[in-house]
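Close look at the chain arrangement
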Amino acid sequence: MRRAIVRGTGHYLPERVVENSWFEDKLDTSDEWIRARTGIERRHFAAEDQRTSDLGILAAQAALADAGLDAGQIDAVIVATSTPDLTFPSVATMVQAGLGMRRGFAYDLQAVCAGFVYALANADAMIRAGLADRVLLIGAETFSRIMDWTDRGTCVLFGDGAGAVVLEAAEGQGTSADRGILATDLNSDGQYRDLLYVDGGVASTGTAGHLRMQGNLVFRHAVEKLADTAHRALDRAGLTPEQVDWLVPHQANLRIIEATAKRMRLPMEKVVLTVADHGNTSAASIPLALSVANAEGRFKPGDVLVAEAIGGGLAWGSVVLRW
Ligand code: UT7
């Protein structure tokens, strides 16, 4: 049975680091409130002339180097993003050009903060169906471009960055002992569109718009839905939560991550945390966390990882993979 295994990871964070204290003289907020309610301490913001594709290209180059591959050996590029450079062409084709890749195919995928989990499921399906042997997956975002800087309930939460993963086809036995993606679980419910959205767009206002969120309601859905989706994916993989070595969650809020780990009965030592340094980077948060933890040598061959995320839509899901 064909499996999609992780061959390499990489990431890029813009140089500019903004500490929580930066917001204190602009808004009625404090470092103390932001840390206590979210776990965020700082985030990176892209430079004015840096676009999402620039971040994506740098993360992709790092992932290709880690995989020991050239761009010419990649069959497909998927970029998960909600903050594209332009309405079209896709960021993925810009990344393709930036990498000097003249073959294969590239497209963007938009499932907001769940984008990278959706992209992993997409790439897994393509690899298992034989449509591609090697897929370069990127989560890249410049959420600083859609912040309302007068809204303390949102602008302190988000950051910019990009993470990338190279997936490659490998033969497995079709059992839960295989390496690679073992199971995925995707969900959405468009009834919740007003909980988290951007109030602009091509076919409505003709502007990019600003992010709007009813944070406490999203919080409640997250706590309820993330452990559920992880349990479903584990069931599908034929594994139990006790067999999980690492939870790699979407990095939106430390309290949501802790509540999910508790529901899954996982100790926090098994949870990869980057929220303090990155803030919420939407579709980039999981590949950033994967790449940072991989660079630190934390994952051992055979480890079971669960990645999960929820965001605008609402859209949510999870992926179980063996390193
Ligand atoms: O990535 C996509 C998914 N997104 C998420 O997962 C985000 C989910 N939501 C959250 O992380 C949390 O709901 C927030 C961090 C956004 C807010 O935390 P909360 O504990 O749910 O606070 P809240 O929205 O219930 O607000 C409590 C109070 C309010 O004041 P009043 O009405 O009680 O006087 C807010 O106005 O905290 C106030 N508040 C702030 N105070 C200081 C909201 N933002 C701030 C702030 N600084 N930055």
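Residues numbered from 1 in each chain as written. Predicted model: local features only at pLDDT ≥ 70, side-chain atom pairs only at ≥ 80, totals over all residues. Heavy atoms only, no water.

Looking at the pattern of salt bridges
The condition is simple: The term salt bridge refers to a pairing of a side-chain nitrogen on Lys or Arg with a carboxyl oxygen on Asp or Glu at a separation within 4 Å. Every helix listed is a DSSP run of H or I at least four residues long, and every strand listed is a run of E at least two residues long, numbered separately from the N terminus. Three labels apply to residues, based on accessible area from a 1.4 Å probe with only protein chains included: buried if under 20% of the type maximum, exposed if over 50%, partly exposed otherwise in between.
If you walk through the whole model with that rule in mind, you get 20 salt bridges. A salt bridge links Arg 42 to Asp 277, with the nearest nitrogen and oxygen atoms 2.5 Å apart. With a gap of 235 residues between them, Arg 42 in strand β3 (residues 42-45) and Asp 277 in helix α7 (residues 275-278) connect regions that are remote in the sequence. With a closest N to O distance of 3.1 Å, Arg 236 and Asp 185 form a salt bridge. Highlighted residues: Arg 236 in helix α5 (residues 215-237) and Asp 185 in strand β8 (residues 180-188), separated in sequence by 51 residues. Look at Asp 185 and you get buried, because its relative accessible area is 3%.

Regarding helix α6 (residues 254-263)
Here is the rule: Throughout, the arc means the angular range of directions from the helix axis out to the C-beta atoms. By the convention used here, residues are in contact when the closest approach between their heavy atoms is within 4.5 Å. Any pair of nitrogen or oxygen atoms within 3.5 Å is treated as a polar contact; in protein, a donor-acceptor pairing is required on top of that, and neighbouring residues in sequence qualify only through side-chain atoms on both sides.
If you check which residues of α6 are buried, you get Ile 256, Ile 257, Thr 260 and Ala 261. Buried residues of α6, seen end-on, are gathered within an arc of 135° and therefore sit on one face of the element. Where α6 is buried, its residues contact α5, β11 (246-249) and β12 (304-311). A distance of 2.7 Å separates the backbone nitrogen of Arg 255 from a side-chain oxygen at the start of α6, and that oxygen is part of Asn 253. After α6 finishes, the residue Arg 265 shows a positive phi value of roughly 55°.

Points about the side chain of Thr 154
Within the fold, Thr 154 resides in the loop between β6 (134-142) and β7 (160-171). A distance of 2.9 Å separates the side chain of Thr 154 from the side chain of Asp 151, its partner in a polar contact. Ignoring sequence-local partners within four residues, the contact set of Thr 154 consists of Met 147, Asp 148, Leu 211 and Met 213.

Overview of the sheet that holds strand β4 (residues 76-80)
We apply this condition: Paired strands, as defined in this entry, are two strands with at least two bridges between them according to DSSP. Axis definition: a line fitted to C-alpha atoms, limited for helices to the stretch in contact. Angles are taken between N-to-C directions and run from 0 to 180 degrees.
Judged by pairing direction, the sheet is mixed, and its five strands sit side by side in the order β1-β7-β6-β4-β5 without closing on themselves. The open sheet is flanked by β1 (2-12) and β5 (105-109), the only strands paired with a single partner. Here the average twist between neighbouring strands, direction ignored, is 20°. The pairing of β4 with β6 spans five bridges and is parallel. Its bridge partner lying in β6, Val 79 is registered against Ile 138. In the packing of helix α3 (residues 91-98) onto the sheet, the strands contacted are β4, β5 and β6, and the crossing angle to β5 comes to about 140°. Helix-sheet contacts for helix α8 (residues 285-295) involve β1, β6 and β7, and the interaxial angle to β1 is about 85°.

Regarding the UniProt feature "domain: Beta-ketoacyl-[acyl-carrier-protein] synthase III N-terminal" (unreviewed entry) in the chain
Cut-off, in case you're wondering: UniProt positions are given in the numbering used here, feature names are shortened, and annotations may be inferred rather than shown by experiment.
Under the feature "domain: Beta-ketoacyl-[acyl-carrier-protein] synthase III N-terminal" (unreviewed entry), the UniProt entry names residues 107-190. Split by type, residues 107-190 is 18% helix and 39% strand. Its first and last C-alpha atoms lie 23 Å apart.

Considering the domain arrangement of the chain
Applied cut-off: Domain delimitation in this document rests on an assignment produced automatically or drawn from a domain database. Once two parts are brought into contact, the accessible area they lose, counted with a 1.4 Å probe and summed over both, makes up the buried area.
As assigned here, the chain comprises domain 1 (2-171) and domain 2 (180-322). Relative placement of domain 1 and domain 2: their C-alpha centres are 14 Å apart. Every contact between the two is made by 53 residues of domain 1 and, on the other side, 48 residues of domain 2. Buried area between domain 1 and domain 2, both sides added, is near 3800 Å², and the carbon and sulfur share of it is 64%. For domain 1, the biggest contributors to the area lost against domain 2 are Cys 113, Val 117 and Tyr 118; these three give 16% of the whole. Where domain 1 meets domain 2, there are two salt bridges. In this structure, the connection of domain 1 to domain 2 is made through 19 residue pairs in polar contact (both at pLDDT 80 or more).

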